[in-house]
Amino acid sequence: MAKDKTIYTCTECGGTSPKWLGKCPHCNAWNTLIESAAESGGPAKNRYSSQFQSLAKASEVTTLSDIEAADMERTPTGHEELDRVLGGGIVEGGVVLIGGDPGIGKSTLLLQALDSLQRAGLNTLYVTGEESGAQVALRSRRLGLDGSQVKVLAEIQLEKILATLEATQPAIAVIDSIQTVYSDQLTSAPGSVAQVRECAAHLTRAAKSTGVCIVLVGHVTKEGALAGPRVLEHMVDTVLYFEGDTHSSFRLVRAIKNRFGAVNEIGVFAMTEKGLKGVANPSAIFLSQHSEPVPGSCVLVTLEGTRPMLVEIQALVDNGGPSPRRLSVGLDRDRLAMLLAVLHRHAGVACMDQDVFVNAVGGVRISEPAADLAVMLAITSSLRGKPLPKGFLAFGEVGLAGEVRPAPRGQERLKEAAKLGFSVAVVPKANAPKKPIEGLTIHAVERVEEAMNVVRSLG
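The shown structure was predicted, so the numbers you read here are calculated from the model rather than taken from an experiment.

Trainee: How do you make sense of the overall build of the chain when you look at a structure like this?
Mentor: A count of helical and extended segments in the chain gives 11 helices and 23 strands. For the chain, the C-alpha atoms occupy an extent of roughly 80 × 60 × 50 Å along the three principal directions. Within the span of the chain, comprising 459 residues, buried residues form 48% of the whole. Restricting to contacts in the chain with at least 6 residues of sequence separation, those with at least 24 account for 65%. Surface summary for the chain: the accessible area is close to 22500 Å², and the carbon and sulfur share equals 52%. In the chain, the 47 positive side-chain charges and the 49 negative ones have mean positions that sit 2 Å from each other.

Printed below as a string of structure tokens:
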């Protein structure tokens, strides 16, 4: 069968060329021409607009108040942590993109989720382009999914996958992975920008028109970003990232985008011999088990999406040479340098000739500024060689003028800490609760020097 004619389109200016060129003849930009299928001739001038015209039903202009709004129905996957990240479960016609390093557990988690959904009575389909059906079956045996009725299709041609979706009409289909799928309309190899964009567009159209929930597995680059065009992330409804060290047994699944739920939600899993298991109390992972308090350790309540989590911040201050080092793992290094300057100017604690190392226990990355106060208290504790009191925690953003600013949803953070048995907290004054929290003594501070004085009085 003769292949459709292809053209090369410039991503910068939109100009076209009948063959690939290193430099765009229209705008002179380099390496911007990508292959796409040419329109075969018909009433539609723009193939991408015609591709999605079935999704946009003809309707009159209406006001927001007149439109009937109903929550999307969700189907739980049977894995509580995965449901949390998805916003409650899978949505009919939703498209989910999940990315992560090789071997981190993407296929394992999705196979477990499909098996749970199939056992709940849903029709499921697992399309594998990287493994044979026998390899998928072997993995399911290792995971203890005996007697699983999940349908498996080992195929990489887009047209055959779409035909199978139409014939079997599953409630949820997993495409593992989108980089292996190719369309006959294009001559480029699977995994190229043109193929990934074209295949994802067709699968998204199929999901919206038939109501099938489609999960796309995406490869990541060396930098950790999803491989392929950024348009892939804009096309789908939900983007999930698998995080974690392959040498550790714990995995984090983080929602970067979600049209049906909160973003920056995380699900915590432990990798076991029987696959990925949800961790009910993730704070236990990120807290070291010291029999007695040690210098340089301070517990912080951070917020991941809607979930408050306790993380231990560790600091080590040691004698440095003529050019002392500032190193942070899991925290922003530039922010560490700023906090050391504030500590010197407003609290009189000098670390100019000291090496300062800061670490967030458990491999978690903390990006929110509410960690500032805990970092400063951990540094001063290590410098003085005196541990903070047992059951102590702190959170709050610190400004360059030495003020301690409130953190969002402070009440929830304090309640989570009290639930886990913490007894003393140093928090911003604006986060002090109006009613006392049982078992928790709260010291509200407005400035860094106040926080330091409170800690010295407690020690």
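Trainee: I would appreciate a short explanation of the packing of helix 5 (residues 158–168) against helix 6 (residues 193–210) in the present structure.
Mentor: Any two packed helices are characterised by how steeply their axes cross, that is the angle between the axes, and by the distance between the axes. Where helix 5 contacts helix 6, the axes come no closer than 11 Å and their chain directions differ by 10°. For the element pair helix 5 / helix 6, the angle class is roughly parallel. Packed against helix 5, whose contacting residues are Leu-158, Ile-161, Leu-162 and Leu-165, the element helix 6 presents Cys-199, His-202, Leu-203 and Ala-206 at the interface. For the contact of helix 5 with helix 6, the residue count by class is 7 nonpolar, 1 polar and no charged.

Trainee: Sorry, what's going on with the packing of aromatic side chains here?
Mentor: Given two aromatic rings, one states the distance between the centres and the angle between the planes to describe the pair. For the structure shown, the criterion picks out 0 aromatic pairs. Over the ring of Phe-395 we find Arg-413, and its NZ or CZ is 5.5 Å from the ring centre.

Trainee: Would you mind going over helix 4 (residues 133–142) with me for this structure?
Mentor: Spacing of three or four residues puts side chains on the same side of an α-helix, whose turn is 3.6 residues. Of all the positions in helix 4, only Val-136, Arg-139 and Ser-140 are classed as buried. Angularly, the buried residues of helix 4 cover 100° about the axis, an arc narrow enough to put them on a single face. Turned more than 90 degrees from where helix 4 packs its buried face, Ala-134, Leu-138, Arg-141 and Arg-142 sit exposed. A positive phi of about 80° marks Gly-144, the residue just after helix 4.

Trainee: I keep staring at the sheet that holds strand 9 (residues 172–176) and nothing clicks. Help me out?
Mentor: Sheet strands line up and pair through hydrogen bonds in the backbone, either parallel or antiparallel. One open sheet accounts for 9 strands, arranged 8-7-9-10-6-11-12-13-14; its pairing is mixed. Either end of the sheet is taken by a strand with one partner, and the two such strands are strand 8 (151–154) and strand 14 (275–278). Pairs of neighbouring strands in the sheet enclose a mean axial angle of 25°, with direction left out of account. Against the sheet, helix 5 touches strand 7 (124–128), strand 8, strand 9 and strand 10 (213–218), its axis set at about 170° to strand 7. Here helix 6 sits on the sheet in contact with strand 6 (95–99), strand 9 and strand 10, set at roughly 160° to strand 10.

Trainee: Would you mind showing me how to read the nonpolar core here?
Mentor: Taken as a class, soluble globular proteins show a tendency for nonpolar side chains to be buried jointly. In this structure, Ile-313, Val-358, Ile-366, Leu-377, Ile-379, Phe-392 and Val-448 are the most contacted members of the largest nonpolar core, which totals 64 residues. Top contributing element to this core by residue count: helix 9 (residues 372–384), with 7 residues. With residues near it in sequence (within four places) discarded, Phe-392 still touches Cys-298, Val-299, Leu-377, Phe-422, Val-424, Val-426, Val-455 and Leu-458. Core analysis: the second largest hydrophobic core is formed by 29 residues, Val-96, Leu-110, Val-136 and Val-253 among them.

Trainee: Before we go on, may I ask you to explain the sheet that holds strand 1 (residues 6–10) in this structure?
Mentor: Pairing within the open sheet is antiparallel, and its 3 strands lie in the order 2-1-3. One side of each edge strand has no neighbouring strand; the edge strands of this open sheet are strand 2 (16–17) and strand 3 (33–37). Two elements, strand 1 and strand 3, share 5 bridges in a ladder whose sense is antiparallel. Bridging across to strand 3, Ile-7 finds its partner in Ser-36.

Definitions and cut-offs
Residues numbered from 1 in each chain as written. Predicted model: local features only at pLDDT ≥ 70, side-chain atom pairs only at ≥ 80, totals over all residues. Heavy atoms only, no water. Helix = DSSP H or I, 4+ residues; strand = E, 2+ residues; numbered from the N terminus. Buried < 20%, exposed > 50% of the residue type's maximum accessible area, 1.4 Å probe, protein only. Contact = heavy atoms within 4.5 Å. Areas by Shrake-Rupley, 256 points an atom, 1.4 Å probe, with all protein chains shown as cover. Lys, Arg positive; Asp, Glu negative; His and termini not counted. Charge placed at Lys NZ, Arg CZ, Asp CG, Glu CD. Axes fitted to C-alpha atoms, helices over the stretch in contact; angles between N-to-C directions. Parallel < 35°, antiparallel > 145°, perpendicular 65-115°, else oblique. Nonpolar A, V, L, I, M, F, W, Y, C, P; charged D, E, K, R; others polar. Phe/Tyr/Trp six-rings, centres within 6.5 Å; stacked < 30°, edge-to-face > 60°. Lys NZ or Arg CZ within 6 Å of the ring centre and 35° of its normal. Arc of directions from axis to C-beta. Pairing = 2+ DSSP bridges. Core = buried A, V, L, I, M, F, W, Y, C linked by side-chain atoms within 4.5 Å.

By themselves, these observations are geometric and do not establish any function.
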